[in-house]
Amino acid sequence: MSANGGRGLRKPVFVKMDSLKPGTNGHTLVVKVINSNTVLQKGAAASPHLRNTRIAECLVGDDTASILFTARNDQVDLMKPGSSVILRNAKIDMFKGTMRLAVDKWGRIEVTQPATFVVKEDNNLSLIEYELVNVADE
C-alpha cells in the first residue's frame, strides 16, 4: 500500500481557456502572461507577523481565449509578462459580474518552458458580464 492510502496520484487533465465557466474550480491550464498591473500594494502592516499585501491583475491566455488572473503576494513575482506558467487547481472567482481566474492556497503556479501557441487576445472571457438569476422552486 502506498503512503497516500492506496490511491495513486491522478494525472492532471489540462483544459483550454474557452471551457472555463463561472463558479468552477480544479482547473489545470498552461497559459502565457500577456501583462501584469499591480492593483493593491500595502506596505508594512500594523503588526510585525502580518506581511505585505500585493495584488496584481494579469492578463493570461492560451490559443483559445484570455482572462484576467488575480495574483496575490508571492504569485505576483511569478506572473511576469512574456512568461509561460502552469496553473494547477485554479478556480473561477466572480468580480462585479465578470470572471477572474485565481489560484488559492490549495493550488500552485509553476513557471514552465515558453509555450509555442499564440494567445487569442480577442476572446477575453473577463469582458463577458454574467447576471445571477435565482430560480424559484415550485
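Keep in mind the model is a prediction, meaning the values are calculated, not measured.

Moving on: the pattern of salt bridges. As enumerated under the stated definition, the model contains seven salt bridges in all. Here Arg-54 makes a salt bridge to Asp-77, at a shortest N to O gap of 3.1 Å. Separated by 23 residues along the polypeptide, Arg-54 in strand β2 (residues 53–61) and Asp-77 in helix α1 (residues 75–78) bring together distant segments of the chain. The partly exposed category is assigned to Asp-77, whose relative accessible area is 40%. The partner of Lys-91 in a salt bridge is Asp-93, with the nearest N and O atoms 3.6 Å apart. Several salt bridges converge on common partners, so that one network encompasses Arg-88, Arg-108 and Glu-110.

Moving on: the pairing of strand β4 (residues 84–95). Strand direction decides the pairing type here: strand β1 (residues 25–42) and β4, joined by six bridges, are antiparallel. Residue pairing across strands places Asn-25 opposite Lys-91, the latter belonging to β4. Sheet topology places β4 next to strand β6 (residues 108–112); five bridges connect them, and they run antiparallel. If you follow Leu-87 over to β6, its bridge partner there is Ile-109. Between β4 and strand β5 (residues 98–102), which pair antiparallel and follow one another directly, the connecting turn spans two residues, one of which, Lys-96, has a positive phi of 50 degrees.

Calculation criteria
- Residues numbered from 1 in each chain as written.
- Predicted model: local features only at pLDDT ≥ 70, side-chain atom pairs only at ≥ 80, totals over all residues.
- Heavy atoms only, no water.
- Salt bridge = Lys/Arg side-chain N within 4 Å of Asp/Glu carboxyl O.
- Helix = DSSP H or I, 4+ residues; strand = E, 2+ residues; numbered from the N terminus.
- Buried < 20%, exposed > 50% of the residue type's maximum accessible area, 1.4 Å probe, protein only.
- Pairing = 2+ DSSP bridges.

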